[in-house]
Amino acid sequence: MKITVSLPISIEIIMSNWFQNARPISLPQSLLPALTAVALSYGQADFSWIAAIASLVGVVALHLGFNLLDDWFDYKVGSAEARQKVSNEGFRGRMIKYPYLTSGEKTPGQLLGAVAVFLAVAAAMGAIVVYLRGWMVLGWVVVALVLGVSYSGGPLKLGFRGFGELVIFLMFGPLMMSGIYYAVTGGLDWKITWLSIAVGLLVTNIVYTHSVLDSVPDAKMGKKTMAHLMGTGKGQIVLSAIINVVP
């Protein structure tokens, strides 16, 4: 089936609730490390408010864009149909993430168009930071894009192979916090690295908790998460305790 991609303008996104479709309820997971990095950067000699604001806006746009991109990958593998089948068998799993597609309210092409707009906003913010701090910033950007796409997308599909939690830890911990600190100050500090490990584990535990609740439905769908790899309920609880204690 051929899918036509439509590129809605920003007003279209606001008026047709694409922001809500992108699950803004998850934004604290990225804003916590981002704001923490900015707070730690404040007072440094080369602190830049322009870079700080651009970084925060870019993080929000990138997070929402990746949420919608994750919906697209789930749509391609028929997640809605698989989860409905699991639900019919009596297992309770998380809600379908893209009801706007299954209801016919939006089309797959419009979804890709919305992804493109959110990522374009993130790219524009990134361009501002590159202008202020130089091309080294692109190193963080490239790694973030590869990890973000590979979380649900092929060929790696890390979130389906038991590495999803590791990706979340890296993206929302060391990668994001060190990248924003560099963007705002033009330098790095080992203190931000140590703190980013604790923050990354905190965010990872949120994702891991959801995967424990969804371990049976995910397994039936062929999706291996860290909870699935831990095997028994006791093993899942032990890992959750370790994640919480380490920071």
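Residues numbered from 1 in each chain as written. Predicted model: local features only at pLDDT ≥ 70, side-chain atom pairs only at ≥ 80, totals over all residues. Heavy atoms only, no water.

Chemist: Honestly, the overall build of the protein chain in this entry has me stumped. Any pointers?
Modeler: Of the regular secondary structure elements, the protein chain holds 13 helices and zero strands. Secondary structure of the protein chain in N-to-C order comes out as α-α-α-α-α-α-α-α-α-α-α-α-α. Going through the 247 residues of the protein chain one by one, you find that 47% of them count as buried. Here the analysis covers contacts within the protein chain between residues at least 6 apart in sequence; of these, 77% occur between residues at least 24 apart. (Helix = DSSP H or I, 4+ residues; strand = E, 2+ residues; numbered from the N terminus. Buried < 20%, exposed > 50% of the residue type's maximum accessible area, 1.4 Å probe, protein only. Contact = heavy atoms within 4.5 Å.)

Chemist: Honestly, the nonpolar core in this entry has me stumped. Any pointers?
Modeler: The nonpolar side chains of soluble globular proteins are, as a tendency, buried together. Among the nonpolar cores identified, the biggest contains 48 residues, and Val38, Leu68, Tyr100, Leu111, Met171 and Ile180 are the most heavily contacted of them. If you list the elements that add at least two residues to this core, you get α3 (28-41), α4 (49-76), α6 (99-102), α7 (108-133), α8 (137-152), α9 (164-185) and α10 (190-213). Beyond its immediate sequence surroundings of up to four residues, Met171 is in contact with Phe66, Ala144, Leu147, Gly148 and Met176. (Core = buried A, V, L, I, M, F, W, Y, C linked by side-chain atoms within 4.5 Å.)

Chemist: Explain the packing of aromatic side chains here, please?
Modeler: Ring pairs (aromatic) are described by centroid distance and by the angle formed between their planes. Considering all chains together, one arrives at six aromatic pairs under this definition. Between the aromatic rings of Tyr42 and Trp49, the centroid separation amounts to 6.0 Å while the plane-to-plane angle is 55 degrees, which identifies the pairing as tilted. Of the two residues, Tyr42 and Trp49, neither departs from the other in class, the shared state being exposed. The rings of Tyr42, Phe47 and Trp49 are connected pair by pair, giving a single aromatic cluster. (Phe/Tyr/Trp six-rings, centres within 6.5 Å; stacked < 30°, edge-to-face > 60°.)

Chemist: Got a minute to help me understand the pattern of salt bridges in this structure?
Modeler: When their charged atoms lie close together, side chains carrying opposite charge are able to pair. Per the stated rule, a full pass over the model turns up three salt bridges. In this structure, Arg23 and Asp71 form a salt bridge, with 2.9 Å as the shortest nitrogen-oxygen distance. One end of the pair, Arg23, is in the loop between α2 (18-21) and α3; the other, Asp71, is in helix α4, with 48 residues separating them in the sequence. Residue class for Asp71 comes out buried when judged on its relative accessible area of 0%. When the shortest N-O distance is used, the salt bridge between Asp189 and Lys191 registers 4.0 Å. (Salt bridge = Lys/Arg side-chain N within 4 Å of Asp/Glu carboxyl O.)

Chemist: Which parts of the structure should I look at to understand α7?
Modeler: Along an α-helix, residues three or four apart share an orientation, since each turn contains 3.6 residues. In this model α7 runs 37 Å from its N-terminal to its C-terminal C-alpha over 26 residues, within 8% of the 38 Å that 1.5 Å per residue would give. Where α7 ends, the next residue or the one after it, Gly134, has phi of about 100 degrees, a positive value. (Expected span 1.5 Å × (residues − 1).)

Chemist: Would you explain the environment of Ser48 in this entry?
Modeler: Tracing the chain through its elements places Ser48 in the loop between α3 and α4. Placed 137 residues apart in sequence, Ser48 and Thr185 show a C-alpha to C-alpha distance of 6.6 Å. Residues in contact with Ser48, not counting those within four places in the same chain, are Leu132, Arg133 and Val184.

Chemist: Whenever I open this one, the environment of Leu188 confuses me. Can you help?
Modeler: Inspection of the secondary structure puts Leu188 in the loop between α9 and α10. Given the relative accessible area of 53%, Leu188 is considered exposed. Taking the C-alpha atoms as reference points, Leu188 and Ser178, 10 residues apart in sequence, are found 6.9 Å from one another. Beyond its immediate stretch of four places on either side in the chain, Leu188 contacts Trp140, Ser178, Tyr181 and Tyr182.

Chemist: Where do I start with α8 in this structure?
Modeler: Turning to α8, its buried residues number three or more, namely Val137, Trp140, Ala144, Leu147, Gly148, Ser150 and Ser152. The inward-facing, buried residues of α8 abut α4, α7 and α9.

Chemist: What is the right way to look at the environment of Gly179 in this model?
Modeler: Positionally, Gly179 belongs in helix α9. A relative accessible area of 13% means that Gly179 is categorised as buried. Residues Gly179 and Trp140, spaced 39 residues apart in sequence, show a C-alpha to C-alpha distance of 6.0 Å. Ignoring any residue separated from it by four or fewer positions in sequence, one finds Gly179 in contact with Trp140 and Pro174.

Chemist: Is there a simple way to think about the packing of α4 against α9 in this case?
Modeler: Helix packing geometry: the angle between the two helix axes and the distance between the axes. The interhelical angle for the contact between α4 and α9, taken along N-to-C directions, is 150 degrees, at an axis separation of 9 Å. Between α4 and α9, the crossing angle belongs to the class labelled roughly antiparallel. Regarding α4 and α9, the two cross each other, and that crossing is right-handed. Contact residues: Ala51, Ala52, Ser55, Val59, His63 and Phe66 in α4; Met171, Phe172, Met176, Ile180, Ala183 and Val184 in α9. Classifying every residue of the contact of α4 with α9 by side-chain character gives 10 nonpolar, two polar and no charged. (Axes fitted to C-alpha atoms, helices over the stretch in contact; angles between N-to-C directions. Parallel < 35°, antiparallel > 145°, perpendicular 65-115°, else oblique. Left-handed = near helix turned anticlockwise from the far one by under 90°. Nonpolar A, V, L, I, M, F, W, Y, C, P; charged D, E, K, R; others polar.)

Function-wise, these values are silent; they only describe arrangement.
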